Amino acid sequence: MTRTKPAAVEVRGLAKHYGSVVALKDVDLTIAAGEYFVLLGPSGGGKTTLLRTIGGFHRATHGEVLLHGREVGHLPPDKRPTSMVFQSYALFPHMTVMQNVGYGLKIAGLDKASRRDKSAAALDMVGLQGFADRKPHELSGGQQQRVQLARAMVLDRDILLLDEPLAALDAQLRKDMCLELKHLQEKVGITFIHVTHNQEEAMTVADRIALIADGDLIEVGPAREVYRAPDKRFTASFVGENNLLTGKVTAVSGSEVTVDVAGEAIKVDRRGLDVTTGQEVSMSVRSELVRMSLGDTDDARPGHALMGTYNEAVYLGLTTSHLISVAPGCEVTSRVVDDLDDLPAHGAPVRVYWAPGDLRLHTS
Ligand SMILES: Nc1ncnc2c1ncn2[C@@H]1O[C@H](COP(=O)(O)OP(=O)(O)O)[C@@H](O)[C@H]1O
Ligand SMILES: [Mg+2]
């Protein structure tokens with residue numbers, strides 16, 4: 001029998017209260033060794049609390065954290081296989097890059113020659129071989145982060161914790177650094193747990209994403225799946241640009257559910273969910289999957305289309321978003337790459353439609 005490697009991180013029934021504030025409710029989560037894992041969600045949802053509890057900076061109120069199969073509730077941060085990447089201030093400004101990387105080994109009592117060898121190897125791994133003698137202020141923000149990564153690796157900390165590591169950067173630099181982090185993680189192969197509230201950042205770096213809001217773990221899945229096939233309504237509202245439709249179920253027949261949306265009978269796949277006639281449900285369809293037509297079109301199939309009135313176009317450079325009112329208080333966005341030569345007039349009747357299968361049902 002082959003023994004499977006324990007998960008890098010296993011969180012069981014984890015709750016964290018700060019006095020009367022419940023920051024985490026009852027979180028179960030498993031992260032495999034070598035995964036690039038992202039905790040994504042709105043501010044105040046509990047992401048930092050979860051990360052810091054994994055790292056040993058907070059004690060759980062209930063539940064446990066296992067790292068490589070070992071329960072670590074009693075261990076302080078420096079006795080765990082985790083390392084927190086902070087923003088640049090975490091490097092010693094008066095030490096060289098090499099000294100910064102070797103510092104932990106010095107504390108651990110290693111001799112100078114071994115320190116040099118190990119530090120040089122770690123700098124090599126993160127692509128900073130020529131930078132050993134520089135001081136932190138002579139490095140870019142991204143290079144300083146790589147020094148921190150080398151510092152973690154040299155101590156055999158193989159679970160890296162990154163809390164909004166790119167939040168301070170402007171948009172272009174953030175994009176570049178995102179890819180750099182992703183490539184670095186692929187190269188070194190250790191586990192990254194990266195907290196962000198930015199869905200594009202999450203999509204760029206993550207193997208898997210956990211959606212966290214209000215102290216709950218809402219949904220976990222591969223990045224593409226969370227984007228293409230969200231299970232929960234919250235995920236649909238937070239990831240991608242989804243149109244949300246709500247209505248009452250009027251019929252359930254096998255795998256097909258009929259929902260009354262503004263007087264139209266809309267068809268949607270049941271996805272194995274429990275639904276009953278009369279129930280209020282939500283449905284989502286990504287804006288890039290919504291088409292718009294001014295007249296009749298064979299592409300718009302009954303049950304997969306809504307009539308509405310044209311509101312306006314929003315030019316976003318590469319794409320244009322057409323906003324269409326389909327019901328009081330309900331606007332649908334159709335996002336397209338091509339510009340229309342003639343925009344519909346404000347208030348003109350238009351039809352929005354989508355391919356069967358592109359609308360997803362959510363019951364929670
Ligand atoms: N030290 C603290 N004392 C009291 N409340 C806290 C503390 N840290 C965080 N919180 C609260 O816990 C909740 C989760 O916060 P946090 O984990 O920082 O969320 P996120 O990182 O997703 O923005 C928030 O309501 C926040 O105000
Ligand atoms: Mg936070």
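What you see is a predicted model, and the numbers here were worked out from it, not measured in a lab.

Let us now look at the pairing of strand β4 (residues 62–67). Sheet faces and side chains relate simply in a regular strand, where the side chains alternate between the two faces. Bridge count for strand β1 (residues 9–18) against β4 is 5 bridges, and the pairing is antiparallel. Looking at β4, one finds that Glu10 is bridged to Leu66. By the bridge criterion, 2 bridges tie β4 to strand β5 (residues 70–71) in an arrangement that is antiparallel. Bridge pairing in β5 links Leu67 to Arg70.

The strand order β13-β12-β11-β14-β20 describes an open sheet built from 5 strands, whose pairing is antiparallel. The open sheet terminates on both sides in strands that have one partner only, identified here as β13 (264–269) and β20 (360–362). Averaged over all pairs of adjacent strands, the angle between strand axes in this sheet comes to 45 degrees, irrespective of strand direction. Bridge analysis of strand β14 (residues 280–286) against β20 gives 3 bridges, and the strand direction is antiparallel. Bridge pairing in β20 places Ser284 opposite Arg360.

Now for the packing of helix α2 (residues 97–107) against helix α3 (residues 112–125). In a pair of packed helices, the angle between the axes and the distance between the axes together describe the arrangement. Following both chains from N to C, one finds α2 and α3 inclined at 125 degrees, their axes separated by 9 Å at the closest point. As the angle between them shows, α2 and α3 are arranged oblique. Handedness of the crossing formed by α2 with α3: right-handed. In this structure, α2 contributes Val97, Met98, Val101, Gly102, Leu105 and Lys106 to the contact, and α3 contributes Arg115, Arg116, Lys118, Ser119, Ala120, Ala122 and Leu123. Among the residues making up the contact of α2 with α3, the classes are represented as 7 nonpolar, 2 polar and 4 charged.

Okay, the environment of Val275 next. Its place among the elements puts Val275 in the loop between β13 and β14. Overall, the relative accessible area of 10% leaves Val275 in the buried class. Here the alpha-carbon distance between Val275 and Ser83, two residues 192 residues apart in the chain, equals 45 Å. When sequence neighbours within four positions are dropped, the list of residues in contact with Val275 reads Val249, Val252, Val257, Arg270, Val281, Leu361 and Thr363.

This part is about the domain arrangement of the chain. The domain boundaries assigned to the chain delineate domain 1 (9–233) and domain 2 (241–362). For domain 1 and domain 2, the distance between their C-alpha centres works out to 39 Å. On the side of domain 2, 10 residues touch domain 1, which itself brings 7 residues to the contact. Across the interface of domain 1 and domain 2, roughly 760 Å² is buried in total on both sides, 42% from carbon and sulfur atoms. Taken together, the links from domain 1 to domain 2 amount to 1 salt bridge. We note a salt bridge from Arg271 to Asp231, for which the minimum N-O separation is 3.1 Å. Summed over the shared surface of domain 1 and domain 2, the result is 6 residue pairs in polar contact (both at pLDDT 80 or more). Looking at the side of domain 1 that touches domain 2, its residues break down into 3 nonpolar, no polar and 4 charged.

What follows concerns a negative patch on the surface. A surface patch of negative charge is lined by Asp338, Asp339, Asp341 and Asp342. Among the secondary structure elements, Asp338 is positioned in the loop between β18 (330–336) and β19 (349–353).

Our focus in this paragraph is the pattern of salt bridges. Note that side chains of opposite charge can pair when their charged atoms are close. One pass over the full model with this rule turns up 12 salt bridges. Residue Asp207 pairs with Lys182 through a salt bridge whose shortest N-O separation is 3.3 Å. With Asp207 in the loop between α6 (199–205) and β9 (208–213) and Lys182 in helix α5 (residues 171–188), this pair connects stretches of sequence that are 25 residues apart. Residue Glu288 is joined to Arg286 by a salt bridge in which the shortest nitrogen-to-oxygen separation is 2.7 Å. Taking the relative accessible area as the measure of exposure, Glu288 reaches 26% and is therefore partly exposed. On the accessibility criterion, Arg286 (10% relative accessible area) is buried. By sharing partners, the salt bridges in this structure join Glu10, Arg12 and Glu64 into a single network.

Conventions and cut-offs
- Residues numbered from 1 in each chain as written.
- Chains lettered and ligands numbered in written order.
- Predicted model: local features only at pLDDT ≥ 70, side-chain atom pairs only at ≥ 80, totals over all residues.
- Heavy atoms only, no water.
- Pairing = 2+ DSSP bridges.
- Helix = DSSP H or I, 4+ residues; strand = E, 2+ residues; numbered from the N terminus.
- Axes fitted to C-alpha atoms, helices over the stretch in contact; angles between N-to-C directions.
- Parallel < 35°, antiparallel > 145°, perpendicular 65-115°, else oblique.
- Left-handed = near helix turned anticlockwise from the far one by under 90°.
- Contact = heavy atoms within 4.5 Å.
- Nonpolar A, V, L, I, M, F, W, Y, C, P; charged D, E, K, R; others polar.
- Buried < 20%, exposed > 50% of the residue type's maximum accessible area, 1.4 Å probe, protein only.
- Domains from an automatic or database assignment.
- Buried area = accessible area lost by both parts, 1.4 Å probe.
- Salt bridge = Lys/Arg side-chain N within 4 Å of Asp/Glu carboxyl O.
- Polar contact = N/O pair within 3.5 Å; in protein donor to acceptor, adjacent residues only side chain to side chain.
- Patch = residues over 30% accessible without salt bridge, like charges linked within 9 Å, V, L, I, M, F, W, Y side chains within 5 Å.
- Areas by Shrake-Rupley, 256 points an atom, 1.4 Å probe, with all protein chains shown as cover.
- Lys, Arg positive; Asp, Glu negative; His and termini not counted.
- Charge placed at Lys NZ, Arg CZ, Asp CG, Glu CD.

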